Amino acid sequence: MRSLKQEEWVSTHTIRPEWMILARQAIDEIRNGRAVMDALRHYPLQGGGYLGKYVLVAAYHEMVRNNEMSADAHLLESLRMKPMRTLSGVTTVTVLTKPYPCPGKCIFCPTDVRMPKSYLADEPGAMRGLEHDFDPYLQVKSRIQALESLGHPTDKIELLILGGTWSSYRRDYQEWFVKRCFDAMNEDSHHREHEDHREKQKENSVDSVNSVVNLDVVQALNESASHRNVGLVIETRPDEITPDEIRWLRHLGVTKVQMGAQSLDDRILEMNKRGHDVECTRHATALLRAAGFKIVLHWMPNLHGATPESDREDFAKLWQGFCPDELKIYPNQLLANAELYEYWQRGEFQPYTTEELIDLIADVKTTIPRYCRVNRVIRDIPSTNVVEGNRRTSLRQDVHDEMKRRGTRCECIRCREVKGKPVDLALLKLDDLVYDADHAEEHFISYVTPDDKLAGFIRLSLPSKDASQTQLNDLVGAALIREVHVYGQSLPVGEEKTGAAQHAGLGTNLLHQADQIAKENGFKRMAVISAVGTREYYLERGFERGELYLVKNIL
Ligand code: SF4
């Protein structure tokens, strides 16, 4: 069944009046017991196709606003489009920084002057940045409004800041950028001053960049705002990670760092002009861990000089000390606007075939430890940009099909999340997976269902005596909670839902477990890297405000 695309509406913010008339009729039928999909089929569009569910949601809101019906949370839920988007408990909002050069010279990295380094103008997700002139406020605001109109909860937001190398932007720009994101999250959603603001923003854009911004104030406001920031992610290079940078990232409220490892072989790094070596990645990863950040590594098979066999060996090294919490597998893609293109023209580089890639990823996926989440197995680049090699963007599905055929299984976090399924708390099993990372003993403590699905987990890090020196007072002698994640449909704060894991006290239980384990290992203090919008949660559970972390004694 073909329906109008969500993006069509998101980008234009227009719904045709005749669609609303149909949607209202469909809603009336749904209220009288007709299934949503049946009702949609009953009202086909004139030019072919059917109404998108987002039109139903918009019509629902209009009918409630006009007092034609009273609010009905159950009905709204059934009208929602793509509920998967928020199933892991939080809603992700992606925002792009302005075009800016990167200190890196990586031969595989595309350059598009309209975009921050490494992004293409027609890349989904990146397009929205361009559409809003890379204005952080407008990007966040419009995304929140779009998600709300689709009926998604937006009270817990993970902010994903993308674009080249974050650390290479001027710090006054970084601070302004983050502050403007917070401004958008702090604003009451029903306050629609979008267009006025856009004009004002254009007039003031230079002043805003240069002005002294008070980030602390907007962060404090966000602690009780209607859109709380529960995670802040930036992406950078390993050679940018220093104790000073770590302190700065915490000042901004960053909780998760995406970092390009790309390869763990110095020869390959050199051949691809990465500009840093493996030791640098090792050091950066250990420093981030010691400072409690969640670590996402990017890993690229099929780099210049690699073979499927060398990639298999390279992949195995990821779990020797680096041990990322999340992984993005980005097979190298041959693009016309990257230096690698010239290598290919000279016959020095040849991309793998789709079959070779599927074979490789299906192999390595079975070796991923249960503490790691594989976020991606291919970058979301429209296939028209790919000169030669794999053009299939459905690679994740292809890999899973191949694994099914082979009878193998991936046990990564993403493959085991409970998603929206109800959880029977009485049947959950507590599991403590202990592993050694560089300079830390890690505990991945999780609640698991009888069919081995993850209902929630906590990452506890016990730094060893020789742990990397963060020079952060909050962390002296402390065990660290790097992540608490409980799955279930993202519910508005305070709303309970029978069987949903998120509000069933699992988080609190996991925190107790972490305290116990830290105590047994001789730690007397606990620190948590808290996003601004989750501070209240931890403060209610015995933590106090430190300088850059929340801390407590666990004597
Ligand atoms: S560091 Fe990243 S953004 Fe910069 S050139 Fe290399 S791949 Fe591109």
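Here we summarise the structure given alongside this text. (Residues numbered from 1 in each chain as written. Predicted model: local features only at pLDDT ≥ 70, side-chain atom pairs only at ≥ 80, totals over all residues. Heavy atoms only, no water.)

One pass over the full model with this rule turns up zero disulfides. The structure places no disulfide on Cys412, whose sulfur is separated from the nearest cysteine sulfur, that of Cys410, by 3.9 Å. The buried category is assigned to Cys412, whose relative accessible area is 0%. (Disulfide = S-S within 2.5 Å. Buried < 20%, exposed > 50% of the residue type's maximum accessible area, 1.4 Å probe, protein only.)

This brings us to the nonpolar core. Ranked by internal contacts, the top residues of the largest apolar core, which has 124 residues, are Phe293 and Tyr549. The greatest single-element share of this core, amounting to eight residues, is contributed by helix α8 (residues 171–186). If sequence neighbours within four positions are ignored, Phe293 has contacts with Ile246, Leu249, Arg250, Val254, Thr255, Lys256, Val257, Leu288, Asp325, Arg482, Ile529 and Tyr549. By size, the runner-up hydrophobic cluster in this structure holds 26 residues, among which are Ile27, Val36, Val55 and Leu76. (Core = buried A, V, L, I, M, F, W, Y, C linked by side-chain atoms within 4.5 Å. Helix = DSSP H or I, 4+ residues; strand = E, 2+ residues; numbered from the N terminus. Contact = heavy atoms within 4.5 Å.)

A separate point is the packing of aromatic side chains. The relative placement of two aromatic rings is captured by the distance of their centres and the angle of their planes. What the rule picks out here adds up to 15 aromatic pairs. On the numbers, 5.8 Å between centres and 70° between planes, the contact of Phe315 with Trp319 is edge-to-face. Neither Phe315 nor Trp319 differs from the other in exposure class; each is buried. Three or more aromatic residues link up through ring pairs in this structure, and these residues are Tyr100, Trp166, Tyr169, Tyr173, Trp176 and Phe177. For the cation-ring pair, Arg250 lies above Tyr549, with the distance from its terminal atom to the ring centre recorded as 5.0 Å. A cation over a ring is seen here: Arg541 above Tyr537, with NZ or CZ 3.8 Å from the ring centre. (Phe/Tyr/Trp six-rings, centres within 6.5 Å; stacked < 30°, edge-to-face > 60°. Lys NZ or Arg CZ within 6 Å of the ring centre and 35° of its normal.)

Taking 1.5 Å of rise per residue, the 14 residues of helix α7 (residues 136–149) would be expected to cover 20 Å, and the 20 Å separating its terminal C-alpha atoms lies within 8% of that figure. Across the 14 residues of α7, 14 count as buried, placing the element largely inside the fold. The N-cap residue of α7 is Asp135: its side-chain oxygen and the backbone nitrogen of Tyr137 are 2.8 Å apart. (Expected span 1.5 Å × (residues − 1). Polar contact = N/O pair within 3.5 Å; in protein donor to acceptor, adjacent residues only side chain to side chain.)

A word on the pattern of salt bridges. According to the stated counting rule, one finds 43 salt bridges in the structure shown. Across the pair Asp28 and Arg31 runs a salt bridge, and its minimum N-O distance is 4.0 Å. Here Asp28 and its partner Arg31 are both found in helix α2 (residues 17–31), three residues apart, which amounts to about one turn of the helix. With a shortest N-O distance of 2.7 Å, Arg282 and Asp438 are connected by a salt bridge. Residue Arg282 is located in helix α13 (residues 278–290), and its partner Asp438 is located in the loop between β8 (429–437) and β9 (440–448); the two are separated by 156 residues in the primary sequence. One continuous salt-bridge network, built from bridges that share partners, spans Glu309, Arg312, Asp359, Asp363, Glu402, Arg405 and Arg406. (Salt bridge = Lys/Arg side-chain N within 4 Å of Asp/Glu carboxyl O.)

Turn by turn, an α-helix covers 3.6 residues, leaving residues three or four places apart pointing in a common direction. Look at helix α17 (residues 395–406): 16 Å from first C-alpha to last across 12 residues, which is about the 16 Å you get at 1.5 Å a residue. Taken together, the buried positions of α17 are Leu395, Arg396, Asp398, Val399, Glu402 and Met403. Looking down the long axis of α17, one finds its buried residues gathered within 160° of arc, a one-sided arrangement. Opposite its buried face, α17 presents the exposed residues Lys404 and Arg405, each directed more than 90 degrees away. Summarising the contacts, the buried residues of α17 are in contact with α16 (354–365), β7 (373–376) and α18 (413–416). (Arc of directions from axis to C-beta.)

Attention now moves to the side chain of Arg416. Assignment of secondary structure puts Arg416 in helix α18. The buried category is assigned to Arg416, whose relative accessible area is 1%. If near-sequence neighbours (up to four positions away) are discounted, Arg416 is found in contact with Arg370, Arg409, Glu411, Phe444, Asp452, Lys453 and Leu454.

Turning to the sheet that holds strand β2 (residues 156–162), a few remarks are in order. Reading across the sheet, the seven strands line up as β1-β2-β3-β4-β5-β6-β7 and stay open at both edges, with parallel pairing between neighbours. Every other strand in the sheet has two partners, leaving β1 (91–96) and β7 as the edge strands with one partner each. Each strand of the sheet is rotated relative to its neighbour by a mean of 25°, with strand direction disregarded. Looking at chain direction, strand β5 (residues 294–299) and strand β6 (residues 326–329) are connected through four bridges and run parallel. The partner of Trp299 across the bridge, within β6, is Ile329. Sheet strands touched by α7: β1 and β2. Its angle to β1, the strand with the most contacts, is close to 150°. (Pairing = 2+ DSSP bridges. Axes fitted to C-alpha atoms, helices over the stretch in contact; angles between N-to-C directions.)

One can find Lys179 in helix α8. We classify Lys179 as buried; its relative accessible area is 16%. Along the backbone, Lys179 and Pro136 are 43 residues apart, and their C-alpha atoms lie at a distance of 8.8 Å.

What follows covers the packing of α8 against helix α10 (residues 215–222). Two elements in contact, α8 and α10, have axes separated by 9 Å at closest approach and are oriented at 30°. In this view, α8 runs roughly parallel relative to α10, as classed from their interaxial angle. Along this stretch, α8 crosses α10, giving a crossing that reads as left-handed. Across from Glu175, Val178, Lys179, Phe182, Asp183, Met185 and Asn186 in α8, the residues of α10 making contact are Leu215, Val218, Gln219, Leu221 and Asn222. (Parallel < 35°, antiparallel > 145°, perpendicular 65-115°, else oblique. Left-handed = near helix turned anticlockwise from the far one by under 90°.)

Of all seven residues in strand β4 (residues 256–262), seven are buried, a share of seventy percent or more. Burial of the side chains of β4 extends over both faces: Lys256, Gln258, Gly260 and Gln262 are buried on one face and Val257, Met259 and Ala261 on the other. When strand β3 (residues 228–236) meets β4, the two strands line up parallel, connected through four bridges. Residue pairing across strands places Thr236 opposite Met259, the latter belonging to β4.

Shape is all these values report; function is a separate question.
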